[in-house]
Amino acid sequence: MLGKYSFGIGDRFGHQGKAQLAAMRKAKEAGADVTPVWNKSQREHSIIGTGPGDVRREADAAVAACNWETPYFVDADHISLRNVEHFIEASDFFTLDVADFIGQPAAPADIDTFLSRHAALVGTLEIGGIVEAFNVDEPSLRAIASKYLAAVREAGRIYRHIESRKGAGQFVTEVSMDETDAPQTPVELLVILAAIADEGIPAQTVAPKFSGRFNKGVDYVGELETFATEFEQDLAVIAYAVREFGLPEDLKLSIHSGSDKFSIYEPIQSALKRLDAGLHVKTAGTTWLEELIGLALAGDDGLAIAKEVYNQALARMDELCGPYATVIDIDKSRLPDPRIVANWDGSLFARALRHDPFCAYYNYHFRQLLHVGYKIAAEMGPRFLKALERYEDTIAEHVTANIYDRHLRLLFVD
Ligand SMILES: [Zn+2]
């Protein structure tokens, strides 16, 4: 069981599983059961040179070492029919990414079938938990169905492939549509969920694209009020869809790149409490930035490595930012000159990088560039991995504190 609250922890280099679990343990002690989910996408695997089996081994080893007795999962993150096979054995959580299929033409017969089956969606729709009723007319329902049916059909194909290999009920299914340009409205989410139910996908989490920007490793950018309203409406839509369409009881929202979005955690937590809803938060692999912070603070070769990663990331900025172009906003003129960074001590490097919005030295641009700079560390190979081992204690402290103090506590505990 995934449970009410779950947290997706990326761990690019596979060394921080125990430190990540320590944060979950702290949440448990504070009264919030949060299921850990280790996620890694094909993009990350190919940049680092790892495979899904490495994530499985890390998760199992961390769980054994920490005597973690409640469930945990290994997430095949953002998979498609093209690469799902590679993840089948190691994973028990599959994030089916069908964003590329949004807007592709659906068969007219499929659209007609959908409209006749869901005629009840036309008209004024009162959904518990939402103050304003939705008004949906037939043309707009048809337009929404036309836009999303092909994507849901594709999710059905991927789901059935996994089911044929692993067996029904043996894995968690997430349907994700977050990596696209336009956010989905609550009415669109409702239509998507109806189609997911028609397709027979027992989805346990669904990741829409929300309004505003969810850049990697930094705070939310957007209208807080708009987000808060949309988030609450989405929660209410999910509760409605579970009742009306017979989707799994524990279906919940999933927020991708949900780490570091401090300004929306308060509205999220209050909405979850008010509507008694669950949530999956997938982080953006920012544990790797805590590794850099720990290395910088350790001094000596640790600090040298941190500075070298920055220098090379700056020199190869376009190449590193390419795959992440739509989810980062870096102003080159705000990046510190390497000649200045050369004179920084570990504490200054850590303060520029750590996501503490109240710290005068925190540099949003520096942080985002380093976030995509993990390829440089991967290329350092054994030198980087040995440093992670040598400075494990310092690093672990920062990994745990980041996940617990800045995330789990604010989302699920306070
Ligand atoms: Zn995503």
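Residues numbered from 1 in each chain as written. Predicted model: local features only at pLDDT ≥ 70, side-chain atom pairs only at ≥ 80, totals over all residues. Heavy atoms only, no water.

Student: Which residues make up the nonpolar core, and what values do they have?
Tutor: Core analysis: the largest hydrophobic core is formed by 135 residues, its most contacted members being Phe7, Leu193, Phe231, Ile268, Phe349, Leu408 and Phe412. The element that contributes the greatest number of residues to this core is helix α5 (residues 138-166), accounting for 11 residues. Ignoring sequence-local partners within four residues, the contact set of phenylalanine 231 consists of Phe210, Leu253, Ile255, Ile268, Ala271, Leu272 and Leu279. Judged by nonpolar contacts, the second largest core, of 5 residues, contains Leu2, Val37, Phe73 and Val172. (Core = buried A, V, L, I, M, F, W, Y, C linked by side-chain atoms within 4.5 Å. Buried < 20%, exposed > 50% of the residue type's maximum accessible area, 1.4 Å probe, protein only. Helix = DSSP H or I, 4+ residues; strand = E, 2+ residues; numbered from the N terminus. Contact = heavy atoms within 4.5 Å.)

Student: Let's hear about the environment of tyrosine 72: which residues, and what values?
Tutor: By the element assignment, tyrosine 72 lies in the loop between α3 (52-65) and β3 (73-79). By relative accessible area, which is 21% here, tyrosine 72 ends up partly exposed. Put simply, tyrosine 72 and aspartate 329 are 257 residues apart on the chain and 33 Å apart in space, counted from C-alpha to C-alpha. Setting aside residues up to four positions removed in sequence, tyrosine 72 forms contacts with Thr35, Pro36, Trp38, Arg56, Ala59, Asp60, Val63 and Asp92. Here the side chain of tyrosine 72 touches aspartate 60 through a polar contact of 2.6 Å, side chain to side chain. (Polar contact = N/O pair within 3.5 Å; in protein donor to acceptor, adjacent residues only side chain to side chain.)

Student: Describe the coordination of the zinc ion, listing the residues and the values that go with them.
Tutor: For the zinc ion, the full set of protein donor atoms is His78 (NE2), Asp178 (OD) and His256 (ND1), at a range of 2.0 to 2.3 Å. Binding-site remark: the zinc ion is held by donors from one chain whose sequence spacing is H-x99-D-x77-H. With aspartate 178 in the loop between β7 (172-176) and α6 (186-198) and histidine 256 in the loop between β9 (252-255) and α8 (262-275), this pair connects stretches of sequence that are 78 residues apart. Judged by its relative accessible area of 15%, aspartate 178 falls in the buried class. (Donors = N, O, S within 2.8 Å, 3.2 Å for Na, K, Ca; no water.)

Student: Can you break down the packing of aromatic side chains residue by residue, with the values?
Tutor: All told, the structure shown has 22 aromatic pairs when counted by the stated rule. Measuring from centroid to centroid gives 6.0 Å for phenylalanine 210 and phenylalanine 214, while their planes differ by 35°, and the two rings are tilted. Classification of phenylalanine 214 as buried rests on a relative accessible area of 13%. Taking the centre distance of 6.3 Å and the plane angle of 75° together, the rings of tryptophan 344 and phenylalanine 349 count as edge-to-face. Relative accessible area serves as the criterion here: at 14%, tryptophan 344 is assigned to the buried category. Put simply, the rings of Phe210, Phe214, Tyr220, Phe227 and Phe231 pair up and form one aromatic cluster. Over the ring of tryptophan 68 we find lysine 28; its NZ or CZ atom is 4.5 Å from the centre of that ring. Its guanidinium or amino end placed over the ring of tyrosine 361, arginine 351 lies 4.8 Å from that ring's centre, counting from NZ or CZ. (Phe/Tyr/Trp six-rings, centres within 6.5 Å; stacked < 30°, edge-to-face > 60°. Lys NZ or Arg CZ within 6 Å of the ring centre and 35° of its normal.)

Student: Explain the pattern of salt bridges residue by residue, including any values.
Tutor: Counted under the stated rule, the structure contains 27 salt bridges. Of the charged contacts, one joins aspartate 75 and lysine 282 as a salt bridge, the two residues approaching to 2.7 Å between their closest N and O atoms. You can see aspartate 75 sitting in strand β3 and its partner lysine 282 sitting in strand β10 (residues 279-282), a full 207 residues away along the chain. Owing to a relative accessible area of 2%, aspartate 75 belongs among the buried residues under this scheme. Look at lysine 282 and you get buried, because its relative accessible area is 3%. Two residues, glutamate 319 and arginine 316, come together in a salt bridge whose shortest N-O distance is 2.9 Å. By relative accessible area, which is 22% here, arginine 316 ends up partly exposed. Salt bridges linked by common partners bring Asp110, Arg153, Arg160 and Glu199 together as one network. (Salt bridge = Lys/Arg side-chain N within 4 Å of Asp/Glu carboxyl O.)

Student: Tell me what's going on with the pairing of strand β4 (residues 93-97), and back it up with residues and numbers.
Tutor: Judged by how many residues are buried, β4 sits mostly within the fold: 5 of 5 residues are covered. Every second residue of β4 is oriented toward a common face, with Phe93, Thr95 and Asp97 on one face and Phe94 and Leu96 on the other, all of them buried. As paired strands, β3 and β4 are joined by 3 bridges and run parallel to one another. Residue pairing in the sheet places alanine 76 in a bridge with phenylalanine 94 of β4. Relative to β7, β4 is paired through 5 bridges, and the arrangement is parallel. Each bridged residue has a counterpart across the sheet, and for phenylalanine 94 the counterpart in β7 is threonine 173. (Pairing = 2+ DSSP bridges.)

Student: Describe the pairing of β7, with residues and values.
Tutor: Taken across its 5 residues, β7 has 5 buried, putting it largely inside the fold. The alternating pattern of β7 places Val172, Glu174 and Ser176 on one face and Thr173 and Val175 on the opposite face, and all of these are buried. Note that β7 and strand β8 (residues 205-207) share 3 bridges and pair parallel. Bridged to glutamate 174 within β8 is threonine 205.

Student: Account for the layout of surface pockets, naming residues and giving values.
Tutor: Put simply, the largest pocket is a space of about 1000 Å³. Surrounding the largest pocket, 43 residues form its lining, Arg43, His78, Asp97, Asp178 and Glu179 being those nearest its centre. Elements represented by at least two residues in the lining of the largest pocket include exactly β2 (34-41), α2 (42-48) and β3. Of the residues that constitute the lining of the largest pocket, the class distribution is 13 nonpolar, 15 polar and 15 charged. Roughly 340 Å³ of volume is contained in the second largest pocket. (1 Å grid on protein atoms, 1.4 Å probe; cavity = no way out; pocket = protein on both sides within 12 Å on 5 of 7 lines; lining within 4 Å. Points joined across faces, edges and corners; volume = space filled by probe spheres on them. Nonpolar A, V, L, I, M, F, W, Y, C, P; charged D, E, K, R; others polar.)

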